[in-house]
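Tertiary structure, described
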Amino acid sequence: MSVARTGLRAGWKKGLLAVSCACAALGGTASADDPWESWPEAQLFVGLDQRTRMFLNAAYAKGKESDERSLDAAAFLDVSFLPIGPRRRRAYLGEDWQRGRYLWARVGYDRIFKAKQGEESPSVAEDRGILSLWGKWPLPAGVWVEGRARADLRWIDAEYSTRYRLRLEATREFVLFDHSVVPYFNVEWFYDTRYDGWARTLYQVGPEVTVSRHFRFELYLARQTDHLPSASSLNAFGVVAKAYY
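Conventions used here
- Residues numbered from 1 in each chain as written.
- Predicted model: local features only at pLDDT ≥ 70, side-chain atom pairs only at ≥ 80, totals over all residues.
- Heavy atoms only, no water.
- Helix = DSSP H or I, 4+ residues; strand = E, 2+ residues; numbered from the N terminus.
- Core = buried A, V, L, I, M, F, W, Y, C linked by side-chain atoms within 4.5 Å.
- Buried < 20%, exposed > 50% of the residue type's maximum accessible area, 1.4 Å probe, protein only.
- Contact = heavy atoms within 4.5 Å.
- Salt bridge = Lys/Arg side-chain N within 4 Å of Asp/Glu carboxyl O.

1. Things to note about unusual backbone geometry
The residue after L228, namely P229, is reached through a cis peptide bond having omega 5°. Positionally, P229 belongs in the loop between strand 11 (215–226) and strand 12 (232–244). The phi dihedral of F177 falls on the positive side, at around 50°, and the residue is not glycine. Note on placement: F177 falls in the loop between strand 8 (174–176) and strand 9 (179–192).

This is the structure in structure tokens:
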């Protein structure tokens, strides 16, 4: 066995071990009585220039034990901030848009529709303006840590509130048969001004797989725990299709 193949095998063992540990951690907090939901999602990224891109997103949620369905339809503008120095700028702009950016922002609008079983048409449940800022840092062994701070400006039944979200994510890229595979684990905390407290915690673990220059997909498991206004939990299986142009 060649050195390269041995290294690839060792890297994949480490990646699978990390994902397995994260799944075990999520599974350890789950209860047999917790409901499960499916969260399919479609995303489209359109590059406008070297520093900006447009992002369109449609996310659907349907619980196995609930008759309520929801659909998020959102549009965003992503803007990256260039590093200082011409050499760093050239290297920065030549890499993958998100994985090569160390500081970038997103601004957009999201409309959430909800409907119950038997209803002919969905109703608008929420309008949401979104502001967010990303930063990422390298760690040893090829691991990256990404932080995101996000503010949701929400209008629910014509009443305004704000939700602040803080997320930390760890990733490690591997290459399998010339395709990039990036296992990740993240945890996100939600502060809701309607309750003046930390209302929710969300965990996600899974891989992002690059199929081609224009298409990627994600598979993940999620664990959502609500603390306010009342305590509840659910689990979800997510599938995300991503197109890049």
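Let us keep going from here.
2. Digging into the nonpolar core
Within soluble globular proteins, side chains that are nonpolar tend to cluster in buried spots. W39, A61, Y184, F190, L202, Y220, A222, L234, A236 and V240 form the largest nonpolar core, which has 10 residues in total. Of all the elements in the fold, those that place two or more residues in this core are strand 9, strand 11 and strand 12. Among the elements that line this core, the one with the most residues is strand 12, at 3 residues. Setting aside chain neighbours within four positions, we find Y220 in contact with W39, E41, Y184, Q204, V205, G206, A236, F237, G238, V239 and V240.

3. Some thoughts on the environment of S123
Looking at the element boundaries, S123 is found in strand 5 (residues 123–138). A C-alpha to C-alpha distance of 9.6 Å links S123 and S70, two positions 53 residues apart in sequence. When neighbours within four sequence positions are excluded, S123 is seen to be in contact with I112, F113 and K114.

4. Things to note about the pattern of salt bridges
Following the criterion strictly, the structure yields 19 salt bridges and no others. Across the pair R165 and E188 runs a salt bridge whose closest N-O atoms are separated by 2.8 Å. Taken together, the residues span a long stretch of sequence, with R165 in strand 7 (residues 159–172) and E188 in strand 9 at a distance of 23 residues. Both residues of the pair, R165 and E188, belong to the buried class. Among the ionic pairs, D226 bridges to R200, the shortest N-O distance being 2.5 Å. Of this pair, D226 sits in strand 11 while R200 sits in strand 10 (residues 197–212), placing them 26 residues apart in sequence. Given the relative accessible area of 15%, D226 is considered buried. What emerges from the salt-bridge pattern is a single network uniting D110, E126, R128, R154, D192 and R194.

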